[in-house]
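Topology and contacts: notes
One letter stands for each residue in the lines below.
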Amino acid sequence: MRTKKPEKKRIWENLRLLNPKNLEKEVYVYGYHFSWKSHALLMTGTLAGISAVGILFQLKAVYFTVIVAAVACVLPVLVLDMYRKMYEQKRFGDAAAYMEQMLYSFQKTGKVISALKETREIFDDGQMRKTLDEAVFHLEAGKTGDHEGILKESLQIIEQSYGCTKIHMVHDLLENAEEYGGNVEDSILLVLEDIERWKQRGYHLHAEKKRSHTDNVISIVVATILCAVSLYVLDAMKQMFSVKDSSDIFRIRLIQASSVLFILFLLHVFVKSARNLTDDWLRDTAFHETDYILRSYERVTGYNAKKERKKSSLIAIPFFLLMGIAFFAGKHAACLILLLLAVFLQAQHRTGYHLARRDVTEALYLALPQWLMGMALLLQNNNVQVSVTKSIADAPPVLHRELQQLLERLRQTPGKLQAYTGFCGSFDLPEVSSCMKMLHAVSENGTGNVRSQMGHLLERVARIQGMADDITNEKIAFRMKMLFSYPVVAATVKLLLDLTVGMVLMLQLLGSAGGV
């Protein structure tokens, strides 16, 4: 899985794309052929478009050169992003097809090597075909590099190439089935249903992002036209005066500079919106760093209201004292500002706690479906306690502490319902409590009754997954809506500046008319 590159390195790599040969190489990395003809047509069309904008705002040569240079730097990045978007979409489709075909093939043969060979045949030349060839070759060679075993090593080649947790889950199922045997029909059906839901969510989310990008483009176009029209209206207003004056609002330096900044900002918004379409479809969505979530988890679970209140009071006391001094000195404005700061600092521990609790709750909703689906598969051949133990290795980090505590309670009081319902007990997660009650029922009734109860558990898992999807979609939608508002805000600032300059120009014309 690709990691986020440092800012300086990313900027340097973008500058390298100004050389068409480097751009051609990067496009080839994504498995596509770089068309010089298409590139030339795109460059011509883009320059024609930006020239039209420059003429519309009547930019002077020096300002127009700045705009053209910015577009020339950005265009190769946008071209590469276009291919990257197609590449990520194909990777997503290939990963889904691979998992489904592997499961269907394994149902027939019961052997991973046979399933890999059969699955390989459905792919043409490309990344997936090459990766499967490498995995099959490694598996047939029979040489293992460490204690994990040849089968696991071979499947890890695919996992490392695609970085998808669903593929890892499928591989775990196939490894256990080949190693321990048994009837895995129910498990395969569970995973196939989960993959289908995952596929639908992925395509739906990116369809929403495309619609948001279209809205952002419309917002940019409307903002551009509105600001340009306002300048022409202001320039035409001088005809209302009988004074012969050569003043032209377009030639005022402040108007020229603000127009350049306005166009550059809209270009930035367009690039930012377009780049949202190039995200890795297979990467698990995470809105906060893992370290931040773990620190927030520790803060919530170890929160001591009395102790934190004392800390906040100690921090706020100096501001209350300064407020008193400002009041007696007659500095009422400073007194008000200090009062607001003191009140905020007095309550900052509660604000920080609620923010941390909200972020951890969202992280738990995103992590729990993955863990519960893994549990559903493990329960096919293990009891609850063994399944929990095995699930820790692949569970998201935010769940590790809760799972360790769950295991400790199960060792001490294995038959108690409270041992299960205490899972994530510091957070308000009623759906999780319902799932844990189901696990308690499975534990009490034995693994023989898992099949009859698994449907109810998976219904709850699907409900939690739906809530996780809502959280993800809401955050992504909010980010895209914020981008939609950027051109509106920029246009508002530009219009206010233009109107102010226009009013000053009108007053000058009125003064000239009065002096005639």
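Structure: above.
As a starting point, this report considers the structure included with it. (Residues numbered from 1 in each chain as written. Predicted model: local features only at pLDDT ≥ 70, side-chain atom pairs only at ≥ 80, totals over all residues. Heavy atoms only, no water.)

Let's talk about a positive patch on the surface
Together, Lys306, Arg309, Lys310 and Arg350 give the surface a local cluster of positive charge. The dominant element in the positive patch, judged by the number of residues it contributes, is helix 12 (residues 305–328), at 3 residues. (Patch = residues over 30% accessible without salt bridge, like charges linked within 9 Å, V, L, I, M, F, W, Y side chains within 5 Å. Areas by Shrake-Rupley, 256 points an atom, 1.4 Å probe, with all protein chains shown as cover. Salt bridge = Lys/Arg side-chain N within 4 Å of Asp/Glu carboxyl O. Lys, Arg positive; Asp, Glu negative; His and termini not counted. Charge placed at Lys NZ, Arg CZ, Asp CG, Glu CD. Helix = DSSP H or I, 4+ residues; strand = E, 2+ residues; numbered from the N terminus.)

A word on the pattern of salt bridges
Oppositely charged side chains can form a pair if their charged atoms are brought close together. Following the criterion strictly, the structure yields 20 salt bridges and no others. In this structure, Arg411 engages Glu408 in a salt bridge whose closest nitrogen and oxygen atoms are separated by 3.6 Å. Of this pair, Arg411 and Glu408 both sit in helix 15 (residues 400–412), separated by 3 residues, roughly a single helical turn. When its relative accessible area of 38% is taken as the criterion, Glu408 is described as partly exposed. (Buried < 20%, exposed > 50% of the residue type's maximum accessible area, 1.4 Å probe, protein only.)

Focus on the nonpolar core
The biggest cluster of nonpolar side chains holds 40 residues, and the ones touching the most others in it are Tyr98, Leu103, Leu116 and Ile158. When contributions to this core are tallied by element, the ones reaching two or more residues are helix 4 (61–109), helix 5 (112–120), helix 6 (127–141), helix 7 (150–162), helix 8 (165–180), helix 9 (185–236) and helix 13 (332–378). Apart from the residues lying within four places of it in its own chain, the contact partners of Leu103 are Val170, Leu173, Leu174, Ile188, Val191, Leu192 and Ile195. Residues Ala367, Met375, Val384 and Leu429 belong to the second largest nonpolar core, which totals 39 residues. (Core = buried A, V, L, I, M, F, W, Y, C linked by side-chain atoms within 4.5 Å. Contact = heavy atoms within 4.5 Å.)

Examining the packing of helix 13 against helix 14 (residues 384–391)
Close contact between helix 13 and helix 14 brings their axes to 9 Å; oriented N to C, the two are set at 130 degrees. In terms of axis orientation, helix 13 runs oblique to helix 14. At the point where helix 13 passes helix 14, the crossing takes the right-handed sense. Every residue of helix 14 that contacts helix 13 at Trp371, Met375 and Leu378 is listed here: Val384, Ser387, Val388, Lys390 and Ser391. (Axes fitted to C-alpha atoms, helices over the stretch in contact; angles between N-to-C directions. Parallel < 35°, antiparallel > 145°, perpendicular 65-115°, else oblique. Left-handed = near helix turned anticlockwise from the far one by under 90°.)

A few points about a nonpolar patch on the surface
Together, Phe320, Leu336, Leu339, Leu340 and Val343 make up an exposed nonpolar region whose accessible area comes to about 440 Å². At 4 residues, helix 13 tops the list of elements feeding residues into the nonpolar patch. For Leu339, the position within the fold is in helix 13.

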